[in-house]
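A look at the structure
Spelled out from the first residue to the last, the chains are:
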Amino acid sequence: MALLKNLLRLTAPNPGAMTGPGTNSYLVGDADTGYAVIDPGPADPQHLEKLWRAAAGDIRMIVCTHSHPDHSPGAAPLQAMCHPRPPILGLPSAPSARSHSQFVPDRALQEGERLCLAGTGADARHTLQVMHTPGHAANHLCLLLLEDGLLFSGDHILSASTTVIDPPDGDMTAYLASLDRLSAACSEHRIGFILPAHGHVIGGFADEATDGRARSASIRRRRSRWR
Ligand SMILES: [Zn+2]
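All figures in this text were calculated on a predicted structure; none of them were measured in a lab. (Residues numbered from 1 in each chain as written. Predicted model: local features only at pLDDT ≥ 70, side-chain atom pairs only at ≥ 80, totals over all residues.)

For the rest of this paragraph, the subject is the overall build of the chain. A count of helical and extended segments in the chain gives four helices and 13 strands. Relative to the 2.2 N^0.38 estimate, which gives 17 Å for 227 residues, the radius of gyration of the chain is 16 Å and therefore close to what a compact globule would have. Among the 227 residues that make up the chain, the fraction classed as buried is 47%. Once local pairs closer than 6 in sequence are excluded, the contacts in the chain between residues at least 24 apart make up 59%. (Helix = DSSP H or I, 4+ residues; strand = E, 2+ residues; numbered from the N terminus. Rg over C-alpha atoms; globule rule 2.2 N^0.38 Å. Buried ≥ 20, exposed ≤ 12 C-beta atoms within 10 Å, placed from the backbone. Contact = placed C-beta atoms within 7 Å.)

This brings us to the sheet that holds strand β10 (residues 141-145). In sheet architecture, strand pairing relies on hydrogen bonds along the backbone and comes in two forms, parallel and antiparallel. One open sheet holds the six strands; their spatial order is β8-β9-β10-β11-β12-β13, and the pairing between them is mixed. At either margin of the open sheet sits one strand with a lone partner, and together these are β8 (114-118) and β13 (202-203). As judged from the two bridges shared by strand β12 (residues 193-196) and β13, these two strands associate in the antiparallel manner. Within β13, the residue paired with Phe-193 across the bridge is Gly-203. (Pairing = 2+ DSSP bridges.)

Those residues of helix α1 (residues 45-54) not exposed but buried are His-47, Leu-48, Leu-51 and Trp-52. Along α1, the residues classed as buried sweep out an arc of 135° about the axis, all on the same side. Exposed positions of α1 whose direction lies more than 90 degrees from the buried face are Pro-45, Gln-46 and Arg-53. Where α1 is buried, its residues touch β2 (7-11), β3 (24-30), β4 (34-38) and α2 (75-81). Of the residues one or two after α1, Ala-56 is the one with positive phi, at around 50°. (Arc of directions from axis to C-beta.)

On to helix α3 (residues 172-188), then. For α3, built from 17 residues, the straight-helix expectation of 24 Å at 1.5 Å per residue is met to within 8% by its first-to-last C-alpha distance of 24 Å. Listed as buried for α3 are Tyr-175, Ser-178, Leu-179, Leu-182, Ser-183 and Cys-186. The arc that holds every buried residue of α3, seen down its axis, measures 145°, which confines them to one face. Residues of α3 that are exposed and point more than 90 degrees away from the buried face comprise Thr-173, Asp-180, Ala-184 and Glu-188. Downstream of α3 by one or two residues, Arg-190 has phi in the positive range, about 50°. (Expected span 1.5 Å × (residues − 1).)

A few words now on unusual backbone geometry. Of note, the amide linkage connecting His-83 to Pro-84 takes the cis form, showing an omega dihedral of 0°. Tracing the chain through its elements places Pro-84 in the loop between α2 and β6 (88-90). A cis amide bond links Pro-167 with the next residue in sequence, Pro-168, at an omega value of 5°. Assignment of secondary structure puts Pro-168 in the loop between β11 (150-154) and α3.

Scope: geometric values only; no functional claims are made or implied.
Here it is as structure tokens:
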């Protein structure tokens, strides 16, 4: 589904109790800049083929928000379909990750790092800023798409449900601290919409007072009460 002229969402065919309608893979970019894939999902050949075709094969990077089996296993087979091979980016799974959630990126991303897709046109630029957001998983990261005021929230913020915190890799204290940082980032970067890895787009925020920051804050209030 085309969400913007430079943003596509393709939902993997893995619906379930933990995945909702399935894992959302996002394709950021355009024909001029090439594309970044966020969360290729499970290693499902048909889904990966759809992603590859939607990008006309021009995938410049593959970013995984975290290591869980519904997010990262598609990265290696998708990479192998591309020439030249795009790097697989993210954070390596922590020692606390379960055996089905092992993940090692080609390169570990840094907090605050900006990933740029640049084309030849004057405004042909898409910049993803990395935020390490442990809580749902120790190696979880979110991405801000700066030019469009969007937040890719992975499993940290979901549209239809609250996220699972499964210790020891999951950590509620870290989760709440990450929410606070996300809330501040939503204000700073005027985030209007949040794009979760499961479910629909959150937002349509009309102004700063009711923006992504408010969503983060309301989740924080609820989660704090449950502790
Ligand atoms: Zn997850």
